[in-house]
Every structure is written in C-alpha cells, then in structure tokens.
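Coordinates in review
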Amino acid sequence: MTQTQPDVSFIVAAYNAEETLAKAIDSALAQEGVSVEVIVADDCSTDETRTIAESYANRGVKLLALGRNGGPAAARNAALLAATGRWLAVLDSDDTVEPQRLQRMIKRAENAGAQIAVDNLRVIRADGTPPETMFIQQSLAETPELTLPVFIRSNALFQSTHNFGYLKPIFQRDFIEQQGLRFNEALKVGEDYLFLASAMALGGRCVIEPIPGYDYQIREGSISRVLALHHIDAMIEGDKAFLRDHTLDAEAAAAQEFREQSLRRGRAFLILVQNIKDRSISGAIKTAWSNPSALAHLRMPIAIRINRALAPLRHLVSPRTDLTAIDGVTRSRKG
C-alpha cells in the first residue's frame, strides 16, 4: 500500500521532558484538517522521555534516540533529516499547539505563495494567571508579511522581552532541502533566530497569521535564562557565519549592524558586571572606557531601558504582556 505523504512533520527536540512531552505530542496529533507525523529527537535524556515517546509508536510517532547530547540544534537537525512532510513545524517539548493551527497557517502561506509562516502566540503561565496573547492581533493583521530587516532588528539585546524572535515558524520542507538549510549546532541560544533569518535571506517569504495558535508555556525554571558571556560570543560568531553565507540589502544590513551593536554592548555590560563582582577596579575602568554604553546600561533602571528599546515595536505588543528583563541583559528564552 502506498504511504501518503503527511502535510506536516512536527519536529520535537526533547531533553528530560517527561513532565510535558505527552501534552506536546497529543496537541500535535490533534491537528484538524491536516495529516501529521511527529518526530521526537531525544537528546540523551536521563528521565522517562524516551519511554513516553515510545508509548506513542502505535500512533505513528517516531523516536530518534540520539547517541550523544548535542543540544537543541543538533536534535532538530536529526529530526529534520527524518521528516517526510510537506511542511516542517518546530514544537518545543514543553509547549502545545491549538487544533486548527497548522491548517490555518498552511492555507495562509499557500494562498500567498510563501515558503514560511508564523502566527501569534498565547502565553500560558504555570501560576494560573489568565493566558495572554503575545502580540496585538489587529496589529499583526495589519502586517501580513514579516521582512528580514524587521526580524533582524527585533532580535537585538536590550529590546522588548517579547519580540519576533519568539515566533514559531513553519517551513515548506522542499524549500529547506533545496537550500540545504540546517540549525547551527554551535549555538545553544539563538539557533532558532539564525535558522529563520537564513531562510528569509535565501529568499523565503514569511507570512503572518494573526490568530494565536501556539501555546507558549512558562514554567518556573524553564524560561528565564540569563545570557552568559559565552552565549553572546557564540551569537556573535553565529552572526559572522550568517554574513559570510548571505548577502544583505541596505535595509537588512542596517538592521544587522543595529543587532551587532547591541551584542557588543551586551558583551561589554556582562564583562563590566563581572569586573564589579570581582572588585576589579582596573578591569571595570578599562571596560567602561572602551565601551561607555556598558556603563550607561548599568546606571539605567531596567524599566527605563526596556521602555526605550520597546518604543519602535510598541504598537505590535499587547499592553497586557509582561515586559521584563533578567539581570537587565536578556530576553526570556526557554532552555
């Protein structure tokens, strides 16, 4: 019997996800109006993650038991290679998706002839507070397509907590394969950003579905990650590779320079903070002298810093959304 190609391949990178994986898989399998396959790439979990994934074998869920822990990018690449669907959808192992999400996004992308689609997110907190929509739905409705310059500029440090880096795209698999695009396995932070930025730099058009369909779960200990110096260094190296691989137009290049400056400021700020913690007066003076903006960030209250950075995108962010910064350095990202 000929096997029908699924409409969507869900790519789930999992590591010690026994508490949440079943809900993620159940939500993927519950998609309406599209056929799906779910691929769980277990990154050498030490809990019951693999057992849970294996329990779905009779429902067509594929488990990739990786031989070594390589991080989320490596796990996603392994799942990507095993995918057979027309579309690829990344699903974090502690998140869920609404039943009509993929049907809605694929329809919008195919009607526009686009290779990528993103949608609004619903933020769900473990403390029981009412769910919030991350972006104002009407504002996204007035922005039918996400461009590379806007996406790059929104992914700068000291910007809003909720920016376009949180969007969970789906990709036309043929486009990804034709371009040979893979996640940067050297990165533990920001690999999703570079993958989407690269896809758009390679000519992929990205449409926006304003209705929230991705449930972004915030659990204690799962989202608030403080950027360490080696994270920023890896992001800087990742951006260098991005620029070697892609030629940007003037608007995208200006956005990239804006992002690079924010990374350099963030790096100097982290060094300055460490100098202060180490009581290294000479080191603090040297850092402040070489990058005065680092000292400015140290003086500026967190709320003021966020409000200033958020101003260009304020019309896109829901006024109910909690805007915070961790140590004044990073957007909240799930680990």
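Attention in this report is confined to the structure presented alongside it. The structure displayed is predicted, hence computed values, not measured ones.

Here we come to the overall build of the protein chain. For the protein chain, the helix and strand inventory stands at 13 helices and 10 strands. For the protein chain, with 335 residues in total, the buried portion stands at 53%. A fraction of 79% describes how many contacts in the protein chain between residues 6 or more apart in sequence connect residues 24 or more apart.

Within the fold, valine 38 resides in strand β2 (residues 36-42). When its relative accessible area of 1% is taken as the criterion, valine 38 is described as buried. Placed 47 residues apart in sequence, valine 38 and glycine 85 show a C-alpha to C-alpha distance of 9.8 Å. If we ignore the near neighbours within four places in the chain, the residues touching valine 38 are Phe10, Val12, Ile25, Ala28, Leu29, Gly60, Val61 and Lys62.

What follows deals with the pattern of salt bridges. Opposite charge on two side chains makes pairing possible when the charged atoms of those side chains draw close. As enumerated under the stated definition, the model contains 21 salt bridges in all. In this structure, lysine 168 and aspartate 92 form a salt bridge, with 2.9 Å as the shortest nitrogen-oxygen distance. With a gap of 76 residues between them, lysine 168 in the loop between α6 (148-154) and β9 (170-172) and aspartate 92 in the loop between β4 (87-90) and β5 (96-97) connect regions that are remote in the sequence. Here lysine 168 matches aspartate 92 in class, with each residue buried. One salt bridge in this structure joins glutamate 257 and arginine 264, with 3.1 Å as the shortest N-O distance. By sharing partners, the salt bridges in this structure join Arg76, Asp92, Lys168, Glu191 and Asp192 into a single network.

Where helix α8 (residues 191-201) meets helix α9 (residues 229-245), the axes come as close as 11 Å, and the angle between the chain directions of the two elements is 15°. As summarised for this structure, α8 and α9 are arranged roughly parallel, according to the angle between their axes. Viewed along their axes, α8 and α9 form a crossing whose handedness is right-handed. Counted together, Tyr193, Leu194, Ala197, Ser198 and Ala201 of α8 and Gly238, Asp239 and Phe242 of α9 form the full contact between these two elements. Tallied by class, residues from the contact of α8 with α9 come to 5 nonpolar, 2 polar and 1 charged.

The next thing to look at is the nonpolar core. Side chains of nonpolar character tend, in soluble globular proteins, to be buried together. Counting 77 residues, the largest nonpolar core has Phe10, Val38 and Val40 as its most contacted members. Among the elements that make up this core, the one with the highest residue count is α8 (7 residues). Counting residues in each nonpolar core, the second largest holds 6 residues, with Leu157, Val189, Ile232 and Leu263 among its members.

Right, let's talk about the side chain of glutamine 115 for a bit. One can find glutamine 115 in the loop between α4 (101-112) and β6 (116-125). Overall, glutamine 115 belongs to the buried group, its relative accessible area being 17%. A polar contact of 2.9 Å, which involves the side chain of glutamine 115, links it to the backbone nitrogen of arginine 205.

Calculation rules
- Position numbers for residues count from 1 along each chain, tracking the sequence in the order it is written.
- Restriction of local features to residues with pLDDT of at least 70 applies here, the model being predicted, together with a cutoff of 80 or more for giving and counting side-chain atom pairs; totals for whole chains, interfaces and linings are based on all residues.
- Hydrogens and water are ignored here; the side-chain numbers use all heavy atoms of the structure.
- Runs of E in the DSSP output that reach at least two residues are strands. Runs of H or I that reach at least four are helices, and both are numbered from the N terminus.
- Per-residue accessibility, obtained with a 1.4 Å probe over protein chains only, is compared with the maximum for each type, and a residue is labelled buried under 20%, exposed over 50%, and partly exposed between these values.
- Every residue pair with non-hydrogen atoms within 4.5 Å of one another is taken to be in contact.
- For salt bridges, the criterion is a side-chain nitrogen of Lys or Arg within 4 Å of an Asp or Glu carboxyl oxygen.
- With axes taken as lines fitted to C-alpha atoms, and helix axes fitted only over the stretch in contact, angles between N-to-C directions fall between 0 and 180 degrees.
- An angle below 35 degrees is treated as roughly parallel, one above 145 as roughly antiparallel, one from 65 to 115 as roughly perpendicular, and anything else as oblique.
- By definition, any crossing whose near helix is turned counterclockwise from its far helix by less than a right angle is left-handed, and any crossing with a clockwise turn is right-handed.
- Charged means Asp, Glu, Lys or Arg here, nonpolar means Ala, Val, Leu, Ile, Met, Phe, Trp, Tyr, Cys or Pro, and polar covers whatever is left, Gly included.
- Buried residues of nine kinds, namely Ala, Val, Leu, Ile, Met, Phe, Trp, Tyr and Cys, make up a nonpolar core once their side-chain atoms join them within 4.5 Å.
- Any pair of N or O atoms that falls within 3.5 Å is considered a polar contact. Within protein, one atom must be able to donate a hydrogen and the other to accept it, and sequence-neighbouring residues count only if both atoms are side-chain atoms.

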